[in-house]
Amino acid sequence: MKLKEIITVLEQMAPLAYAEDFDNVGLLLGNSESQTTGILVCHDALESVIDEAISKNCNLVVCFHPIVFSGLKKINGNTYVERVVIKAIKNDIAIYAVHTALDNHSEGVNKIFCNALGLTNTKILIPKSNFIYKLSTYTIAENAEKLRLALFEAGAGNIGNYENCSFNSKGIGTYQGNEHSDPQIGQRFEFMQTEEIKIEVTFEKHLESKILQALFKNHVYEEVAYQIFNLQNTHQQIGLGMTGEFQNAMPEKEFLLFVKEKMQCETIRHSEFTGKKIKKVAVLGGSGSFAIQNAIRSGADAFLTADLKYHNFYEAEKQLLMADIGHFESERYTKDYIVDFLRKKILNFAIILSEENTNPVKYL
């Protein structure tokens with residue numbers, strides 16, 4: 001298969017438009033036109049993982065964390081990042097990272113986290129903002145259905161669990177063409193009043209180009225009037241973190257021991273006990289100190305995340321139990337999910353789960 005065909009599948013799993021602005025996701029190294037011999041899936045694309053890819057005849061490494069996160073000014077092998085880049089290039093190995101594109105997906109990192117704990121009734125903890133746009137346009141009644149269907153086909157009109165959503169209102173449009181015009185209705189220099197339908201649809205911002213192509217292709221007017229707005233609504237199906245519930249509440253210590261077992265943690269750092277049983281849990285895989293207040297506002301009894309600093313634990317304010325289970329541990333099952341997804345989508349192809357433990361944190 002060509003690499004670009006595999007990238008199409010990866011973007012189905014983790015659309016790059018879902019990633020945070022600070023992140024570096026997608027194809028980090030490699031030519032999308034090259035042929036792929038095999039895929040090695042890992043958590044971190046370290047030098048040992050590149051060696052594993054070479055030994056297993058895999059020339060594509062799909063990693064969760066991007067090995068190249070910020071710009072490289074020199075590539076001389078002095079850092080672990082530079083050594084990975086050099087070795088991958090020398091051996092024609094492509095590297096593709098998913099990171100926050102998968103973090104923000106409703107079936108991604110935090111849903112995997114929730115599933116590992118058996119949590120149900122899951123909801124996004126911090127829905128993504130500045131992601132929903134609205135298109136307004138005007139056309140004649142005879143063109144309205146065709147235009148709506150084309151916009152729906154391009155991805156407009158999807159809201160939560162609903163699709164083909166639009167708002168339509170009737171009004172009177174006026175126009176008068178000059179000597180260069182070619183009006184669909186009426187003649188040049190003729191003042192026209194025509195009954196029109198205003199069509200309004202929402203869409204995810206990364207679809208704007210596709211939506212406009214559908215608009216211009218299927219509209220009957222020579223000059224298409226339209227507006228695009230950035231809505232204040234958050235996207236309830238995309239975002240960081242997640243909440244979920246246990247069927248039966250459990251005492252705090254029992255809860256932490258349960259988490260330790262399910263997430264295979266060496267140790268758990270936690271805030272002081274609140275005395276409440278744990279039923280609703282907020283999770284955020286990876287570094288999640290920024291979401292403490294979101295977890296509290298969600299009404300969660302506990303918040304599981306990683307990379308908490310000393311003073312972060314004070315922020316629990318006895319309103320919930322807060323636990324740092326480890327960065328790697330909180331994302332432990334992500335690479336398994338990626339492998340399972342790819343194997344379902346790409347049949348009869350070498351898709352291998354890396355055997356390398358890339359957790360840089362060790363415990364005595």
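Going by the structure above, here's the rest.
Since we're looking at a predicted model, the values are computed, not measured.

Cut-off values and rules
- Positions within a chain are numbered from 1, following the residues in the order the chain's sequence is written.
- Only residues with pLDDT of 70 or above have their local features reported here, since the model is predicted, and side-chain atom pairs are shown and tallied only from 80 upward, although totals for entire chains, interfaces and linings are computed over all residues.
- Excluded from the side-chain calculation are hydrogens and water; included are all heavy atoms of the structure.
- Helix and strand labels come from DSSP, where a helix needs a run of H or I of at least four residues and a strand needs a run of E of at least two; each type is numbered from the N terminus.
- Burial here depends on accessible area, computed with a 1.4 Å probe over protein chains only, as a share of the maximum for the residue type. Under 20% is buried, over 50% is exposed, and the range in between is partly exposed.
- Whether two aromatic rings pair depends on their centres lying within 6.5 Å, for rings of Phe, Tyr and Trp, where Trp uses its six-membered ring; planes under 30 degrees apart make the pair stacked, over 60 edge-to-face, and the rest tilted.
- Angles run from 0 to 180 degrees between N-to-C directions of axes, and those axes are lines fitted to C-alpha atoms, restricted for helices to the stretch in contact.
- Convention used here: angles under 35 degrees read as roughly parallel, angles over 145 as roughly antiparallel, angles from 65 to 115 as roughly perpendicular, and any remaining angle as oblique.
- With the far helix as reference, a near helix turned anticlockwise by less than a right angle produces a left-handed crossing, and one turned clockwise produces a right-handed crossing.
- In this analysis, two residues are considered to be in contact whenever any of their non-hydrogen atoms come within 4.5 Å of each other.
- Three classes are used, and their members are as follows: Ala, Val, Leu, Ile, Met, Phe, Trp, Tyr, Cys and Pro are nonpolar, Asp, Glu, Lys and Arg are charged, and the others, Gly among them, are polar.
- Cavities and pockets are found on a 1 Å grid laid over the protein atoms alone: a cavity is a set of points where a 1.4 Å probe fits but cannot escape, a pocket is an open set with protein on both sides within 12 Å along at least five of seven lines, and a lining residue has an atom within 4 Å of such a point.
- Grid points are joined across faces, edges and corners, and a volume is the space filled by probe spheres set on the points.
- For our purposes a nonpolar core is just a set of buried Ala, Val, Leu, Ile, Met, Phe, Trp, Tyr and Cys residues, chained together by side-chain atoms within 4.5 Å.

## Overview of the environment of K205
Structurally, K205 is set in the loop between β8 (192-204) and α7 (208-218). Using a relative accessible area of 32% as the deciding quantity, one classes K205 as partly exposed. Spatially, the C-alpha atom of K205 lies 9.0 Å from that of K134, the residues being 71 residues apart in sequence.

## Concerning unusual backbone geometry
Non-glycine residue Q264 carries a positive phi angle of around 55 degrees. Structurally, the position occupied by Q264 is in the loop between α8 (252-262) and β11 (269-270). A positive phi angle, close to 55 degrees, is found at N348, a residue other than glycine. Structurally, N348 is set in the loop between α11 (334-345) and β15 (351-353).

## Section: the packing of aromatic side chains
With the rule as written, the count across this model stands at eight aromatic pairs. Here the aromatic rings of Y310 and Y314 are separated by 5.7 Å at their centres, their planes lie at 85 degrees, and the arrangement is edge-to-face. No difference in accessibility class separates Y310 from Y314, as the two residues are exposed. Within the aromatic cluster, the residues linked to one another by ring pairs are F246, F255 and F258.

## Let's talk about the packing of helix α2 (residues 47-55) against helix α3 (residues 80-90)
α3 packs onto α2 with a crossing angle of 15 degrees between their chain directions and a minimal axis gap of 9 Å. Relative to α3, α2 is oriented roughly parallel. Pair α2 / α3 crosses with left-handed handedness. Here E47, I50, D51 and I54 of α2 lie close against α3, whose contacting residues are R83, V84, K87 and A88. Looking at the contact of α2 with α3, its residues break down into four nonpolar, no polar and four charged.

## Side note on the layout of surface pockets
Once rolled over the atoms, a probe with the size of a water molecule shows which space is left empty. As a volume, the largest pocket reaches approximately 590 Å³. Forming the boundary of the largest pocket are 28 residues, of which D44, H65, H327, T358 and P360 lie nearest the centre. Those elements giving two or more residues to the lining of the largest pocket turn out to be β2 (39-44), α3 and α10 (327-330). Taken together, the residues that form the lining of the largest pocket break down as 14 nonpolar, nine polar and five charged. When its volume is computed, the second largest pocket comes out at roughly 360 Å³.

## What about the nonpolar core?
Grouped together as the largest cluster of nonpolar side chains are 26 residues, with contacts concentrated most on I39 and L342. Of all the secondary structure elements, the ones that give two or more residues to this core are α1 (3-13), β2, β3 (60-65), β4 (94-97), α4 (99-103) and α11. Counting 22 residues, the second-largest nonpolar core is a separate cluster that includes F246, M250, I278 and V281.

Function cannot be inferred from these measures alone, as they are strictly geometric.
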